[in-house]
Every structure is written in structure tokens, then in C-alpha cells.
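Architecture at a glance
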Amino acid sequence: MKASRRQPVAKPLPHAEAFRDPRCLRGAVTRLQANASARRHLAKILPHLLRACAHSADPDRTIVNFERLVAALPNAGILYHYLAAAPGRIDQLVTIFAHSQALADTLTRDAKFFHFLIAPEALARPREKLWMQAELTRLLAGWRAAEDRYNVVRHFRRRETLRVGARDLLGLATVEETTLELSNLADVCLQAVFEVAVETLAAQFKIAVPGGFAVIGMGKLGGQELNYSSDVDVIFVYREEGEFNARLTYNEFYTKLAEEFIRQVSTPGTEGAIYRIDLRLRPEGKTGALVRSLDSCENYYAEWGETWERMALSKARCVAGDEQLGGDFIQMVQPFVYARHAGENVILQMAALKERIEKEVVREGNLTRHVKLGIGGIREIEFIVQSFQVLRGARLPELRQRQTLRGLQLLARRKMLTEAEAQGLAEAYRFLRNVEHRLQMELELQTHTIPDEKHALYRLARAMGFKTVEAFEAEQARHTTAVRKVYEGVLTGAAAQAAPPVPVPELMKAVGFQDPAAAERVITNLREGPGFVHVSGRTQEIFSRLLPGLMRELQKVADPDVALVRFDKFVSAYGSRGLLYEILTRNPKLVEMLVRVGDASRFLAETLWKHPELFDEVCRGVALSEPKSLDRMLGELEAEPGDPATAAREWKRAELFRIGVEDVTGLVDLEHVHLEISRLAEACLRFALARVQRELKLSKLPFAVIAMGKFGGQELGYGADLDVLFVGEGEAAIRVATGLVKFMEAQTSAGALFKVDARLRPDGEKGPLAAGLEAHRDYYAK
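Residues numbered from 1 in each chain as written. Predicted model: local features only at pLDDT ≥ 70, side-chain atom pairs only at ≥ 80, totals over all residues. Heavy atoms only, no water.

The subject of this paragraph is unusual backbone geometry. Positive phi values are uncommon outside glycine, yet Glu284 reaches one of about 70 degrees. On the secondary structure map, Glu284 appears in the loop between strand S5 (277-278) and strand S6 (291-293). Even without being glycine, Glu444 reaches a positive phi, approximately 55 degrees. Relative to the elements of secondary structure, Glu444 occurs in the loop between helix H19 (419-443) and helix H20 (454-463). The class for Glu444 is partly exposed, based on a relative accessible area of 40%. (Helix = DSSP H or I, 4+ residues; strand = E, 2+ residues; numbered from the N terminus. Buried < 20%, exposed > 50% of the residue type's maximum accessible area, 1.4 Å probe, protein only.)

Right under this line is the structure:
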């Protein structure tokens, strides 16, 4: 019998013991060696490759991903030759393949990316935003069709995410560099999509490409702290209401623009989706309008804005569209975000919101493993920074910093945190953000939870630079414990300083209302609004803080019942309760003024609720108790825009209200009041005379108005007529006098100026309205 031929025994591959599945290793190597033309070059790098895989966090996955890259390249020999010349690149590829299946998939799906990644400057330093803009513009230059251009943006986003991720995993980038690059990449991509979308729609509707529309980034996008798999939180704002033509309003066009923008950003094309878009931070959340005008946003935040919206808007930033409009939006929301009245109760509201998220979203089993929302997590660090910003940002504008790490530096500089606390929080933030990044780079999923599966946890620990899971978990516990300690300290301080609400009946007792039941109904109306008006919880909370001060002022006046009713009428007339209550909480002197006006003067109170804009005049810095000269009054009056008759009456009304406020608040004495009203009347007379003479083209005619009685003595009261004599010769003078009386007494939508009484002239009502000097001399002589 012939001896049977024995099969050659395959040599064991080096480092095979490190692989979980030796057959997987053997199969991958066999397939790599199948290319005869490249086998010689493979032999040069194989020992280094296997050693690097064996020492990685996941040898099996690494060798499979390497094989996939080779299969995707048209010429494996070039890859082997390059890696033999630069063996350090083998270690880099192994690191990427072991710790990020998502990046490995990107690299193996489009092998051209490998050549981009190995370019000398690709990983050397972070790319500036201007470079990204220029590069994307270059890539878009050869394409005209909208869908092709959208796909170019998708391709660019994948390529750049690979580059940023590689720098991150290889330890070539800090957390700050990574999050800024990811945010800049989002800005550039979103702007490119916006430009294509607006051009496409403008052509469709046959209008010129419009401006006046901005995409506002919120959350991590706004703060330039984006993750690898973050949603992009945005809201859409347009400048003003109007229409492009009879068939297309601004709102209709911009709504379609927003819809097209969302569709192209979030819908996967051949290159995949660009980003997931989250619109829940817009006014009224899911139920709110997709786009809003600037005025509409301002009204919403003034009336309905909640505490969580302050936090969201603290990071708001224009990321695409009209930068000027975006800047105007940011400026507009500053008084809401950084309200001067904000107290520790706001901090407690923010903490209650976070606690609710822990219970409803994170759940108890994940509280120590959720790096974002869990105990001692990223959100607590952000909370600490934002709580100080909300409390102190109105008085210290330098605290209005979107980025968390910079915010911590400023808090330490301002001694709101100790240097040790700020440094500890910064270290914890970097650590936790790195964990978050490694979790999301794994499969490009929006996850924040540390896995409990043994091998996945080991791979995460190794990606974070730890040799063992135990070392990683110990470091995580150290950071989260330190964060929680500072977080609880902030809450404890806020709770200690937050004044407990005093029950309404207790507050009312000291006031001495004649009809307590009616007064309590008015207070309920002030807090909750009439039945047809919805008042937000935030507005009710502000009123609760305002109420004690209001009660103290009512206690000081003669008729608190009437003053309270008139205060309520003014609030109803003003329109935006939330904004008004914020103003009053910040400025207790304004509460005193409103209560005293309501108590002392029905005329002033009615003027105020009929014309609530007069209150805004006071708020804009009208200097009460500062006497105005006649020249200043006349200059202000002449500078008023619009129809002269209406403008003069509106100015007079505002000035009379100012004088009345000075009077009833006790800022000036009676002599001052009489003098100011007399000057007011004289300014109106001089203005009217100049207008009439110009209209009659008689400006050179000798003509004088002589003040008599209390007007002459500068002792005019609020409702006084103006006793005058008109001195001038002939029919022309009578025409001037007649025109002057008509201008002063004519009723317009803004009322009259002053009633003019000329009955003290020679011969009284029987005599001519104006007479010359000789006529007056003869009359008084006889």
C-alpha cells in the first residue's frame, strides 16, 4: 500500500492567542495573502500588523476591518508599500478600527478617504472654519443640480467627520478642538444647504433671492460643543411680516424654506443624512409655528417664556442665513435670558427640571452610567455654569459665555467658584465628554450610557487610555463624585436664599382693604389673568415675587382698594404681563409710582391705561424731578416726527404724565409742578404760533401772545385754560390769532392741546380777537 500523503500543518500565526476567534484571524490573513502580486509587500508589514491588532482593545474586529479596507482599495500593493515605509500608520489604523466601527465603515465604504486621511497635513492640526468653507465651496463649484449639491455636502460631512474622529482617537486633539471642529463643520454644511434651498425656492416662486431669514443654533450646536452623533437643535426666524407679492407672504415662503432645509439636512441621500434636526426648542415646542418673525419671538418670550428656555437660549447662535438678523435675535433675547430680577427660585426650577429628567428619561438603573444626564454628569456641570449666568449675567455681561469650559474659567475669575472647584469641574467635563465621544464613535448612535456588556466596557476603557475596566470606573467615580458635590452646594445655596412664598391672605392683612374679598379676586386676576387669557407658569412665578412689594406700597396709600383696581386695569391694558412683571420686579420704584398714581389721580390713572406707552417713556429713562427749561421743551416738541398737530398732542400728553408722576410721588413741590405745566403750555403756544404763521406765510408780521392770570404768573394747574391777549395789527393779526386758537383747541385722536381763553382782551368777547398796541393803550387809558 502507498503511504498516505500528510497535509502540511499551518504555522501558528504570531499573537494568535490574543484573538477571541482564531479562525477569524486565519481566514482574514489567508484572504489578505490571496493577492499574489501584493503578497511580498504584505509580508513586510504582517508581523507589525498582527502585533498591533493583538495589543488593541478588539483584535478580531481590527483585523476584519483592515481586511475590508484592503478589499475596498483598487491596489492593495500600494497600501502595503505605504505602510511598510510608515509603520506608525499601521498603529493609527488599528486604533481607529478597534475603537470606532462607524469610522471604520466610513473608511472602507469610500476607499478614496484613505488617501485623504494619509495626506501629510490631514491630521497635523485642526482645520479652521474658513478652510472648511473654502474647501466645500471648491467641491460644490462643479455642480449645478440641487440634489447633486446636497450630496456633495453629505459627502463632505462624512469625510471631515472621519478626519476629526481620527485626530481625536489618536490623541492628537483636545476636547475643545474636537467639539469646535464638529461645530464648525455643522455651520459650514448647514449654510451650504441653506444657500441651495433658498436659491431653489426663489427660482420656483420667481422672486429675487431674499435675505431676512436666519437659522439659530441652540444647545451644543449653539455652544460650539457638538458631539459626533448630536442632533442639531435649531429654530427659524425671519425679519418681519410682509409679502413678496399678492400671492406669497413672507411667512408662507419662509415656512417652505424651513421645510426644504429640514428635508435636505435630515433625509438620507446616497451619501446618508447630514444631521438629525431637533425643532423642539422653538417657541411653543412641537405645537409651535415652524418659523416666526422677530416681533413674534419677542412677544412669546416676554409673555410665555419658561425657565428651561432661558437655559436653551443662553447658547443661541446664528449658524446659517442672515447674520445681521441672527445677531438682532440674540440681542433681543438677552433681557429675557439674563433678567435682572432672576433669583434663586429660578435655580431651584432648573434643578427640579433636571430631577424630573433623571426620573423619567434616565431611570434609576442608569443614573451612574449616563454620562450626560446621570448623577455627576455633563448636564450638572452645564447646570452649575448656567445657574450663575442666569443669576449674575444681567449685571456681569462677561459671564454670558456659550461654552462651558470658558464659563468655568470666568466663574473662577469672579470668585463664584474656587479655583479648585473650577479646575475639578473642567477636568470632569473633559473626561465625560471624551467618554461621550467614544460611545458615539462606536456605532454613530446618539448614546450617552456606559455599556454593561463586558467586552464593550473593556473596549471603552481602552479607548479612554486605561488598561483595565476597574481603573476606568474608579476615575469616572472620582469625577462624578466631585461634580455632584459642587452641584449640591449650588442647590443648597439657592434653597437657603430663596424666600418661601407668603400666602396671599397673610400679605393682605396688613394693607387694610375695605373689601378684602374683592381685592383677593383682583390679585387672582393679576396672577392668573382673566378667563380668556392664558398666563404661563413663569409669569405667575414672577408675579408671586412681585406681590409682597405691591402689598407694601398699597399699605402706604389712602385708598388701597381703588389703587389696586387701577393697577389691574393698567396691567390689562399694557398687554405683555410677563414683560411688565419682570420690569416691575427689577424696578420697585415703578411699583411705587403706579400705586401712587392709582391712588392720587383718576386723571393720571386713566391716561396711563388708555396710553400704556407712557409707562415705557418713564422706563426709558425719563429723568423725573429734573426741571426742563422752556428751550429744551420746545426743542423736543419740534423734533417730534409725524403730523405736527398729532405729534404735539402726544408729546404734551407724555409731558403732562411725567409732571403728574413727579407730583403724586412727592418728588417735587407744588411750585415746581405749576412752573413745569406753565412751561409746557408756553412751549405748545410757541410751537403752534410758528406753525400757523408759516402756513399763512405771515412769519414777519408783528404779533405777540401775552399770558395772563395763572398762565402769566406761571401757576397753571392740570386742567387750566390759557388766559391770553393777542397783540397785532389788522386783519392779518386776527387771522393768526384765529388759526392759533384753532390749532390749540382742535380735537384729534390724541385729544386737544390747551383751551385758549381770550376773553380778557379789550371789550371782552365783543372785541376783536387781536388788537394793536394803540387799541390796547386807548382801552386801558379810558
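On we go.
So, about the packing of aromatic side chains. Aromatic ring pairs: the centre-centre distance and the angle between the two ring planes describe each pair. All chains considered together, the criterion is met by 23 aromatic pairs. Arranged with centres 5.4 Å apart and planes meeting at 25 degrees, the rings of Tyr301 and Phe336 form a pair that is stacked. In this pair, Tyr301 is assigned in helix H13 (residues 294-303) and Phe336 in helix H15 (residues 323-337), connecting sequence segments 35 residues apart. No difference in accessibility class separates Tyr301 from Phe336, as the two residues are buried. (Phe/Tyr/Trp six-rings, centres within 6.5 Å; stacked < 30°, edge-to-face > 60°.)

Here we take up helix H26 (residues 577-586). Working note: α-helix, 3.6 residues per turn, so residues spaced by three or four point in the same direction. By the criterion of burial, H26 is predominantly enclosed, with seven of the 10 residues buried. Buried within H26 are the following residues: Arg577, Gly578, Leu580, Tyr581, Glu582, Ile583 and Leu584.

Moving on, we get to the environment of Val486. With respect to the helices and strands, the residue Val486 is situated in helix H21 (residues 469-497). On a C-alpha basis, the gap between Val486 and Glu380 in space is 9.1 Å, while along the polypeptide they are 106 residues apart. Those residues in contact with Val486 that lie beyond four places of it in its chain are Ile384, Leu417, Glu421 and Leu425. (Contact = heavy atoms within 4.5 Å.)

This structure, assessed with the given rule, holds seven cavities of 30 Å³ or more. Forming the walls of the largest cavity are Arg89, Gln92, Leu93, Ile96, Phe114, Leu117, Ile118, Leu123 and Leu170. Mapped onto the lining of the largest cavity, the elements with two or more residues apiece are helix H5 (88-99) and helix H7 (112-117). When residues in the lining of the largest cavity are grouped by element, the largest group, four residues, is from H5. The residue makeup of the lining of the largest cavity, split by class, is seven nonpolar, one polar and one charged. In this structure, the second largest cavity spans a volume of roughly 60 Å³. The wall of the second largest cavity is formed by Arg566, Phe567, Phe570, Leu594, Val597, Gly598, Ala605, Leu608 and Trp609. Going through the elements one at a time, helix H25 (560-574), helix H27 (588-600) and helix H28 (602-610) are the ones with two or more residues in the lining of the second largest cavity. Residue composition of the lining of the second largest cavity, by class: seven nonpolar, one polar and one charged. (1 Å grid on protein atoms, 1.4 Å probe; cavity = no way out; pocket = protein on both sides within 12 Å on 5 of 7 lines; lining within 4 Å. Points joined across faces, edges and corners; volume = space filled by probe spheres on them. Nonpolar A, V, L, I, M, F, W, Y, C, P; charged D, E, K, R; others polar.)

Before going further, it helps to spend a moment on the packing of helix H32 (residues 670-696) against helix H34 (residues 730-745). Where H32 meets H34, the axes come as close as 9 Å, and the angle between the chain directions of the two elements is 125 degrees. The pairing of H32 with H34 is recorded here as oblique in orientation. In this structure, H32 meets H34 at a crossing whose hand is right-handed. Where H32 abuts H34, its residues Cys684, Leu685, Phe687, Ala688, Leu689, Arg691, Val692, Gln693 and Leu696 lie against Arg735, Val736, Gly739, Leu740, Phe743 and Met744. (Axes fitted to C-alpha atoms, helices over the stretch in contact; angles between N-to-C directions. Parallel < 35°, antiparallel > 145°, perpendicular 65-115°, else oblique. Left-handed = near helix turned anticlockwise from the far one by under 90°.)

The next point concerns the pairing of strand S2 (residues 232-238). Among the seven residues of S2, seven are classified as buried, and the element is accordingly described as predominantly covered. Alternating positions in S2 separate into two faces, Val232, Val234, Phe236 and Tyr238 on one and Asp233, Ile235 and Val237 on the other, with burial throughout. In this structure, strand S1 (residues 213-217) lies alongside S2, joined through five bridges in antiparallel fashion. Looking at S2, one finds that Val215 is bridged to Phe236. Sheet topology note: the S2/S5 ladder contains two bridges and is parallel. Each bridged residue has a counterpart across the sheet, and for Asp233 the counterpart in S5 is Asp278. When S2 meets S6, the two strands line up parallel, connected through three bridges. (Pairing = 2+ DSSP bridges.)

Phe66, Tyr80, Phe213, Phe236 and Tyr275 are the most contacted members of the largest nonpolar core, which has 92 residues in total. Counting residues per element, this core draws most heavily on helix H10 (residues 175-205), which supplies 14 residues. The residues contacting Tyr275, other than those within four sequence positions of it, are Arg157, Leu182, Leu185, Ala186, Cys189, Leu190, Leu226, Val232, Val265 and Ser266. (Core = buried A, V, L, I, M, F, W, Y, C linked by side-chain atoms within 4.5 Å.)

Positionally, Glu671 belongs in helix H32. In this structure the C-alpha to C-alpha distance between Glu671 and Thr468, which are 203 residues apart in sequence, comes to 86 Å.

Burial of strand S9 (residues 722-728) is extensive: six of the seven residues sit out of reach of the surface. For strand S8 (residues 703-707) and S9, the ladder comprises five bridges, and the chain directions are antiparallel. Looking across to S9, one finds that Phe703 is bridged to Gly728. Where S9 and strand S10 (residues 756-757) come together, two bridges link them in parallel fashion. Residue pairing in the sheet places Leu722 in a bridge with Val756 of S10. A crossover links S9 with its parallel partner S10, the connecting element being H34, and its sense is right-handed. Relative to strand S11 (residues 770-771), S9 runs parallel, the two sharing two bridges. Residue pairing across strands places Phe726 opposite Ala770, the latter belonging to S11. (Right-handed = clockwise from strand over helix to strand, strands pointing away.)

Before going further, it helps to spend a moment on the packing of helix H9 (residues 146-169) against H19. Angle between the axes and distance between the axes are the two parameters that describe a pair of packed helices. Interhelical geometry of H9 versus H19 gives an angle of 125 degrees and a closest axis separation of 12 Å. Comparing the axis directions of H9 and H19 gives the class oblique. Between H9 and H19 the crossing geometry is left-handed. On H19, the residues that touch Gly165, Asp168 and Leu169 of H9 are Asn434, His437, Arg438 and Met441.

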